[in-house]
Structures are given as C-alpha cells and as structure tokens.
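The lines below spell out each chain.
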Amino acid sequence: MSESLDRASVAKRIAKRLERDGWLGDMVDLARQRAAQMMQQGSDTRQGRELPLKRQVSWVGKSAFAGRHAVTLGDALELAKPNVTDRELVEAAATVIVAIKQAKGLDLFDTQLRAGLVMSLGGLAEMQTGEGKTLSGVLPAYMAGLRGGGVHVAMPNAYLARRDHDLLQDVFALCGMTCGFVDDHDSDDKARAAYGCDITFGAAHTFGFDYLKDSLTRKRFAQSRIGSRMLTQLRGGEALLLRQRRLAAAIIDEADDVLLDDALSPLILSSGAGQEEAVDASLVRAARELADSLTRDQHYRIDGPGQVTLTPAGREVVYRDTQDTSNPRSGSELRDGSEPQLGCELQRAWHEYVQTALRAKWHFQRDIHYVVSDGKIEIIDGATGRIFSDRTWSRGLQQALQAREGVMITPEPSTLARITKQRYFRSYPFLAGMTGTASGCEREFARVYGLPVIAVQPRLANRRHLHSTRIFATLADKVHAVIDEAIELADQGRAVLVGTLSIEESLMIAGLFRQRDRACTLLNGIQDADEAAVIATAGRTGQITVATNLAGRGTDIHLDDTVKQLGGLHVIVVQMHTLARVDRQLIGRGARCGDPGSACRYVSAEDEVLVRMAPWIVRAIQRRLAEAVQTDGSSLAVGTIAGPTLENAIATVQSKCQKEEASRRAEALQADAFERSLAAGLNSNEHPTACWAI
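Owing to the predicted nature of the structure, the values given are computational and were not obtained by experimental measurement.

For the pair helix α14 (residues 281-293) and helix α16 (residues 350-363), the least separation of the axes is 8 Å and the interaxial angle reads 65°. As for how α14 packs across α16, the hand of that crossing is right-handed. For the pair formed by α14 and α16, the contact residues are Leu283, Val284, Ala286, Ala287, Arg288, Leu290, Ala291 and Asp292 on the first element and Trp350, Tyr353, Val354, Ala357, Leu358 and Lys361 on the second. Split by residue class, the contact of α14 with α16 holds 11 nonpolar, no polar and three charged.

If you want it as structure tokens, here you go:
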C-alpha cells in the first residue's frame, strides 16, 4: 500500500467517526453537562486552591502516541483507530470549558467546541472567518498535550503565535499544562525551555528551522571524536544539545496557507554570508551590464514564467570578449571597466551569470516580488503579501537583483540543511489544523497529510451580500471605478477594505486616494509589525483601508455601531487571484460573526492573470462591454456586470490553476519520496559489494 493511500485511509477513518449522525452535537451536550458538574464541585483557583483538571484525565495520555518520530504504515493505521474514547473527549472538553470560563470569563460557543473535537481526533476544521479559531484550538492542544511528547501550535507568523500564547497561557495553566513561546532568535537554552513545555507556540517556519538546527547538531555530534561523544553521553546524551524534543503533535492555524500555499517553500539553514561584498561582485555587475545590451529574441528567449534561454547568437556575444571562459575580460579590465578583484572567482559558468541577470530583469519587479529596505533586497510572499527579511533567493538571483537595484552585492550563503514545509509537517505522528478556506482541497489534505476536512456549522447565519463581478475594458477604468465606489460608500458612513495582490498596486491605489484628497490607511506587508493594529481599525465609520490580500489575516475587524447599521464592511477585490480560495479569504474579512457586510470583485480585460492564462475571457469581456454600450449607451469607462457565463469562465480558470498547483506539490512529494527511499537504500548497504551500490 502506498503512503498516500495510507494517509487517505487515515483521513477516511477519522471522518467516519466525526461524521456520525448527531455525534458532534451529542458530545458538545455531554461536555457542557460535565463542565456544569465540575463547576458545582467548587474547585476555584481564584481562591488559591488547585483545580485538579489534569489529574482527572491524565490517564488519556499514556497511549502509544508518545515517542514516535515519523508516520509509518503501522502508525497511520493506529492513529486511525478510535483509541480516544468518547468519555475521554468529554472529560477533556469539560476541563477546557471550565478553564476558559475561570480564566477569561468566557463561554465557548458550540461552534468552537465542535471544531475542537474535530481537531482532537486529527481532523481539519473548516470554520467561517470570525468564529473564534483561537479558543477552538485549546481543546486539541490540551488533548495532544496529555499524550506526552509536547505539542507545537504553528501559526502563520510570530506575532499571532505570541498573541495566542499570551492570551491562553493562563487557560492552560488551569488545565495543569505548561505553555511556552519560541521565536526565531531565541538562544538554545531559551528554545529548549520553550520546547520542554507541554504546549509550544511559534511560527510554522520557526519549528522547521529549529528542526534543521537539531539535524545539523546530530550530524556534527555523529562526526565528533569518540572521546567527545562519550563525554556528552555521560553528561546526559545528545538531547542536551538539541532544541526540540522528538516531533509528536502539531496543530496548525491557517492550515491552507502553511500546508498548501507555502508547502514547497524551502526552509534553508545556511552559513552566515557576513557583511562583506561578494568576491564575484564585479562579475555580477558585468553580467547585468551585458544583459542590458542584449536583444530579446535575437540573443535570448523568454520561454515561460521565470525562464530565460540564451540563443546560439547570444552565447557567442556573451563569450566574445573573454580571453578564457573562466573570467569575462576586455584586456585587463572587466566589462564594467573595473579592475578584477583579488580572488575573484566564478561561482558558476559565465553565461549563467548573464541568464540570471536577464531573469532578474524580466521576471522580477520591485514592490511586486521584492522590496528594497535599508539597502537590502527582501522577498515578498506572493501568496500573502508579507515581507520575509530572513529569506533570500538562491543560484545567484539574489545577487543579480542586488546589482540591478545598486545595493551591496553579498556573498551567496552555503546551504547547510534544507526541508520543505510539506515534508516537515508530514513528519509529525499527530497532525490537526483549522482554516476558513479548505473546501476544494479536501482530496489533497487527505492524501498528503491524512487530514479529513470537516466543515463546522457557523454560529450565526451569514449576512454577506456578494455583488456581481464588474468588468472593465482597461486597468485604468477599473481602478478609477474602485476609487469612486470606495469614496462613495465611505461618505455614506460605511467602512471599506480595498484588497490588492501586490505592494506596487496598493501603493498606486493609495496614491490615487491622496490625489482625490481622501485619507486612507495602507497595509501592505511593509508595516508587518503594525498590521494587527491597522486592520483592527478598518471597521470604523468612513474608514478606507488599502491592503494586500492577506495582510492582517488572523486579526478581527471590529465594526462600530454606525457601520453595522449602514450595512457593515464593504470589501473590494481589485485583482482576482489565481486561486479562488484566496479571493474568498479576502472577501471573508467582512460579514464576520453574523455582522452585515458586502463584497464586490472587479475584473478588467487587461488583468495579468487573464491576459496570460485566459485570453478567450479577455475577448469575451470585450464583447460583453461592446454589447452593453450598444444596448444602453453606457460608457466603456463605467463598466458593466459580468453575467453568469463570464463568472463561470473565471471560476474555471481559477479551478485549473488550483489543480496545477496541487499537481506541482504532488510531483515534489513523489520526488521527495524517491530521494528518501534512495537514501534509505544506501544507508542499509553499509558494506557495498560493487561500485553501483554506493
């Protein structure tokens, strides 16, 4: 049986239990009854007496979950068994209800308890935005903590992780659980203390990087001298050197972002590049100058997204002025006129420098793919719009962009260890998560992670009014219509959130508001530390907020009374995303928790996604606009309603993009499995009998 079928079987078995008729509702009722009994027993930590909640269900945790490091076929099948009884779940849920009531004075909603039960059994709870995912995660964290081995609660970023840790640590304390927070820059001792807790909060990438650091520590320990290893063993073993305990359980917030959108982003542990300039900096600059002198189609071709190929004529030009192919020179000078640096060495073939410079020129744009901050190139996450100051591109691309922007060219760091988030999170024996947008990805979550997607019924009926998509002939017409609608609604007293795909687009729209003498709040990832405070004010009367599509995700937008009375927050989607669920995430910022709200999507015939991937839709938009002009004499600049045919066509394109992304992740998973099987085979042959076996 293949591993993907194995995990899918796990997901199917978990779903079968969770989807039993009325089971979740019955469990919630029983948990509330048990919690009422606990409250009547009179245990009250506020009077200084211990609340013996952990002792009541401590026997849950001594199961076979503890101590495992990776999911095998046997592990997966065992995880699928109903080895957590209904009684144990009821006791744990009641404990959490009491603890949250005593620590926060809050009563959990049925929706939150249902989601908690789903995750406690290893499912992925799909909750509508604003339903209270933070408190929903307490029950599964508590249940997993009782098994021993520690629980990692992974968040999209460090801010949300620290926020939830600070909010919930007193709740977990009442449950008899220790709670820690781990950050990127923590010392080894501080990280060990955090990981030694029952429950550890942190950003998803932080857990992955600490895993890599421990892998490197194990490797160095194995390569150390025998005497050094023996001394370490006498002092307590290599565990004293590691940051993490063995991977046991993980609960992932915004699971679609971490496990799908960012699944293939490599976590790379590299040696420090230092602050000095790269030894091949002159070559990088010379490559940029030469690339600018080449002619497209004559000297090089753009083959597709991110791809550039030199033609035979281009290669001839690239190597024309070299005395040898190891260093580009004209006489004793480099092409840029500078003297060769002492120790200047090619890190790769000279023509690859030029090809990389061409990639930087044609495929990467400032404020879309990266920003320049304090003389440094910082990567923009295409899915979320966040800026990652600790990430760099590899294979010379970072240096090519540094040359193009005229900042210092730093050395390429050497890779010490790497892993993708997809591979890392598959290493946990127990995995659960929650998100607001998992529908459409159920099959991938089941096959890759063994997670069944269970939709949790919202607490209140959705009051969102979704307007029909509006179409325009040009980008300029579309953007001006967005500005007009936002100002009109803000003048009425509504709050408006304008969502963009890129930092460049957000800056442009904010500039147009300023030209109209209208104040707006800008949130595009550059002010990452302040995004929660900014997005929290987006619900005030007359407020206009311009944000990249996922900036501020995880933070509630609280509406003032006037905005609620006037119809709530209005969300404008300026640029459709290739993935429909990302558009749904943006639209979901409004009309939360039964609040009123509305949303509208704007599309033009010049939108990059349509021009690149669906030119037939571009032609359909042009025909639709022409018909509207002939029918009612309206101006093209005003735009018109897309209609169901165009709406369905756009949805088809987004569905195709989602399938292509899933296929790319599946191919990476297969390649990873092949590499691991190959490595396992090599490791098993300690004494090869032929060269081919090495």
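A word on the nonpolar core. Proteins that are soluble and globular tend to have nonpolar side chains buried together. Among the nonpolar cores identified, the biggest contains 61 residues, and Leu18, Leu89, Ala125, Phe172, Ile199 and Phe201 are the most heavily contacted of them. At 10 residues, helix α5 (residues 86-104) tops the list of elements feeding residues into this core. For Phe172, the contacting residues outside a window of four places in its chain are Val138, Ala141, Tyr142, Met177, Cys179, Ile199 and Phe201. The next biggest cluster of nonpolar side chains, apart from the first, holds 36 residues, and it includes Val182, Leu247, Ile252 and Ala255.

Before going further, it helps to spend a moment on the pairing of strand β20 (residues 569-573). With five of five residues buried, β20 lies mostly within the body of the structure. Burial along β20 is two-sided: the residues Leu569, Val571 and Val573 and His570 and Ile572 are all buried. With five bridges connecting them, strand β17 (residues 495-500) and β20 associate as parallel partners. Residue pairing for β20: Leu497 is matched across the bridge by Val571. On the question of chirality, the crossover connecting β20 to the parallel strand β21 (residues 596-604) by way of helix α24 (residues 580-587) is right-handed.

Moving on, we come to helix α2 (residues 23-40). Note on helix geometry: an α-helix contains 3.6 residues per turn, so any two residues three or four positions apart are oriented the same way. Compared with the 26 Å implied by 1.5 Å per residue over 18 residues, the 26 Å span of α2 between its first and last C-alpha is a close match. Listed in full, the buried residues belonging to α2 are Trp23, Leu24, Gly25, Met27, Val28, Ala31, Arg34, Ala35 and Met38.

Locating Glu444 in the fold gives a position in helix α19 (residues 442-449). By relative accessible area, which is 11% here, Glu444 ends up buried. For the pair formed by Glu444 and Leu260, sequence separation is 184 residues and the distance between their alpha carbons is 8.8 Å. Sequence-distant contacts of Glu444, defined by excluding residues within four places in its chain, comprise Leu260, Tyr449, Ala662 and Arg665.

This paragraph deals with the packing of aromatic side chains. In this structure the tally under the stated criterion is 11 aromatic pairs. With 6.0 Å between their ring centres and 35° between their planes, Trp350 and Tyr353 make a pair best called tilted. Here the residue Trp350 and the residue Tyr353 both occupy positions in helix α16, the gap between them amounting to three residues, near one helical turn. On the accessibility criterion, Trp350 (1% relative accessible area) is buried. Among the aromatic residues, those joined into a ring-pair cluster are Tyr211, Tyr424, Phe425 and Tyr428.

Ordered by their spatial adjacency, three strands build an open sheet running β9-β10-β11, and the pairing between neighbours is antiparallel. Edge positions in the open sheet fall to β9 (370-373) and β11 (387-388), since each of these has one partner strand only. Alignment of β9 against strand β10 (residues 376-380), held across four bridges, turns out to be antiparallel. Note on β10: the bridge partner recorded for Ser373 is Lys376.

Glancing now at the confidence of the model for the protein chain. The predicted model of the protein chain has a mean per-residue pLDDT of 83, with 81% of residues at 70 or higher. Here residues 323-343 scores under 50 on pLDDT; set against residues more than four positions off or in separate chains, the count is 45 contacts. Segment residues 685-694: pLDDT under 50, and five contacts once partners within four positions in sequence are set aside and those in other chains are kept.

Before going further, it helps to spend a moment on the pattern of salt bridges. In a structure, side chains of opposite charge can pair up when their charged atoms sit close to one another. Tallied over the full model, the rule gives 31 salt bridges. Between Arg163 and Asp164 there is a salt bridge, with its nearest N and O atoms 3.0 Å apart. On the basis of relative accessibility, which here comes to 3%, the residue Asp164 falls in the buried class. Between Asp484 and Arg516 there is a salt bridge whose closest N-O contact spans 3.0 Å. With Asp484 in helix α20 (residues 475-491) and Arg516 in the loop between α21 (503-515) and β18 (521-523), this pair connects stretches of sequence that are 32 residues apart. Here the residues in one salt-bridge network are Asp188, Asp210, Lys213 and Arg243, joined through shared partners.

Once that is clear, we can look at the state of the cysteines. Any covalent bond linking the sulfur atoms of two cysteines counts as a disulfide. Tallying each qualifying case throughout the model produces zero disulfides. Free of any disulfide, Cys179 has its nearest neighbouring cysteine sulfur in Cys197, separated by 6.9 Å.

Criteria and cut-off values
Residues numbered from 1 in each chain as written. Predicted model: local features only at pLDDT ≥ 70, side-chain atom pairs only at ≥ 80, totals over all residues. Heavy atoms only, no water. Axes fitted to C-alpha atoms, helices over the stretch in contact; angles between N-to-C directions. Helix = DSSP H or I, 4+ residues; strand = E, 2+ residues; numbered from the N terminus. Left-handed = near helix turned anticlockwise from the far one by under 90°. Contact = heavy atoms within 4.5 Å. Nonpolar A, V, L, I, M, F, W, Y, C, P; charged D, E, K, R; others polar. Core = buried A, V, L, I, M, F, W, Y, C linked by side-chain atoms within 4.5 Å. Buried < 20%, exposed > 50% of the residue type's maximum accessible area, 1.4 Å probe, protein only. Pairing = 2+ DSSP bridges. Right-handed = clockwise from strand over helix to strand, strands pointing away. Expected span 1.5 Å × (residues − 1). Phe/Tyr/Trp six-rings, centres within 6.5 Å; stacked < 30°, edge-to-face > 60°. pLDDT = per-residue confidence, 0-100. Salt bridge = Lys/Arg side-chain N within 4 Å of Asp/Glu carboxyl O. Disulfide = S-S within 2.5 Å.

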